[in-house]
Amino acid sequence: MSRVLGSLLLTVLLLGCSAAPAPAPSGSFTTTDVAWLQLAEALHTRALPLLELAGDRTADRPLAGLAARLGEKHESERGRLRALLAQARVTGGNPHEQHDMPGMPTAADLETLSELRDDAFDRRFVTLLRAYLKQLALVADGEQNAGGARQARELAASMRRDHTADLGELDRVAGRHEAAR
C-alpha cells in the first residue's frame, strides 16, 4: 500500500510538469527513480540562490551559518543526484529545471527576497527554506516507497534523514530568533 501511495505522490507531483517524458532509464533504475532524481536535482538547483542570499541579507548570524552549511551540503547532494542520473544513463536537460513546483523558490521569490534585509528578510527566508526542506523530505519519502533502484532508495533515505534534521535546526534557529524579538 505504501509503495502505491509513494508512486501516486510522485505521479501527482510530476503531473504539473508539461515537459517531455523522461528518457527510459537503464539497468535497475525505474521511471520513478529517474523522476525523483530529476525533481530532487531541480529542487536543489533552484534553492542554491536562495541559500546564497542569506549571507548578505540576514541580521541573524546563526541563520546565515545554517544557510551556508546547507548550500555546501546541497551542492554535494546535487553531485550525488547527477551521478545516479549518469549511472541510469539519463542524458539531456532536466525537464523540471524551469518549472515552478511546490518547495521551489520562484524567480519572483528570489527577486523579492533580494530586496529585503534583516528581520523582513529572515521571516521570508525561513518560510521559503522551510517549504523547500519539507518538499525535499516529501519527495524522498515517495522515492523510498516506490523507487526501484537500491542506490536511489538509499540516497532518498539519507536525504530524508538529513532534511528532517535540517528542518529541526531551522526551527531551533528561527525559534531563537523569534523569541529574541
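Residues numbered from 1 in each chain as written. Predicted model: local features only at pLDDT ≥ 70, side-chain atom pairs only at ≥ 80, totals over all residues. Heavy atoms only, no water.

### Looking at the side chain of Asp 109
Link 1 in the chain: Note that Asp 109 resides in helix α4 (residues 107-114).
Link 2 in the chain: Judged by relative accessible area, Asp 109 falls into the buried class, the value being 16%. (Helix = DSSP H or I, 4+ residues; strand = E, 2+ residues; numbered from the N terminus. Buried < 20%, exposed > 50% of the residue type's maximum accessible area, 1.4 Å probe, protein only.)

### Section: unusual backbone geometry
For residues besides glycine, phi is generally negative; the peptide bonds are generally trans as well.
Link 1 in the chain: The backbone of Arg 89 sits at a positive phi, close to 60 degrees, despite the residue not being glycine.
Link 2 in the chain: Tracing the backbone through its elements, the reader meets Arg 89 in the loop between α3 (61-87) and α4.
Link 3 in the chain: The exposure class of Arg 89 is exposed, given its relative accessible area of 61%.
Link 4 in the chain: Residue Asp 118 is not a glycine yet carries a positive backbone phi of 55 degrees.
Link 5 in the chain: Of note, Asp 118 is situated in helix α5 (residues 118-146).
Link 6 in the chain: Taking the relative accessible area as the measure of exposure, Asp 118 reaches 41% and is therefore partly exposed.

### Focus on the confidence of the model for the protein chain
Link 1 in the chain: Overall, the prediction assigns the protein chain a mean pLDDT of 84, with 79% of residues at 70 or greater.
Link 2 in the chain: Contacts for the low-pLDDT stretch residues 1-24, under 50 throughout, to residues beyond four places or in other chains number 33 contacts. (pLDDT = per-residue confidence, 0-100. Contact = heavy atoms within 4.5 Å.)

### Quick look at the packing of helix α2 (residues 31-57) against α4
Packed helices, taken two at a time, are described by the angle between their axes plus the distance between the axes.
Link 1 in the chain: One way to put it is that α2 packs onto α4 with a least axis distance of 10 Å and a crossing angle of 5 degrees. With respect to each other, α2 and α4 are oriented roughly parallel. Contact residues: Pro 49, Leu 50, Leu 53 and Arg 57 in α2; Leu 110, Leu 113 and Ser 114 in α4.
Link 2 in the chain: Considered class by class, the residues forming the contact of α2 with α4 number five nonpolar, one polar and one charged. (Axes fitted to C-alpha atoms, helices over the stretch in contact; angles between N-to-C directions. Parallel < 35°, antiparallel > 145°, perpendicular 65-115°, else oblique. Nonpolar A, V, L, I, M, F, W, Y, C, P; charged D, E, K, R; others polar.)

### Some thoughts on the pattern of salt bridges
Link 1 in the chain: A complete count under the given rule lists nine salt bridges for this structure.
Link 2 in the chain: Lys 73 is the salt-bridge partner of Asp 166, the closest N and O atoms lying 2.7 Å from each other. In this pair, Asp 166 is assigned in helix α6 (residues 150-180) and Lys 73 in helix α3, connecting sequence segments 93 residues apart.
Link 3 in the chain: Residue class for Lys 73 comes out partly exposed when judged on its relative accessible area of 26%.
Link 4 in the chain: Connected via shared salt-bridge partners are Glu 41, Glu 75, Arg 78 and Arg 82. (Salt bridge = Lys/Arg side-chain N within 4 Å of Asp/Glu carboxyl O.)

### Regarding the packing of aromatic side chains
Link 1 in the chain: By the definition in use, this model includes one aromatic pair.
Link 2 in the chain: Measuring from ring centre to ring centre gives 5.3 Å for Phe 121 and Phe 125, while their planes differ by 15 degrees; the resulting arrangement is stacked. Placement of the pair is Phe 121 and Phe 125 together in helix α5, with a separation of four residues, close to one helical turn. Across the pair, exposure class does not vary: Phe 121 and Phe 125 are buried alike. (Phe/Tyr/Trp six-rings, centres within 6.5 Å; stacked < 30°, edge-to-face > 60°.)

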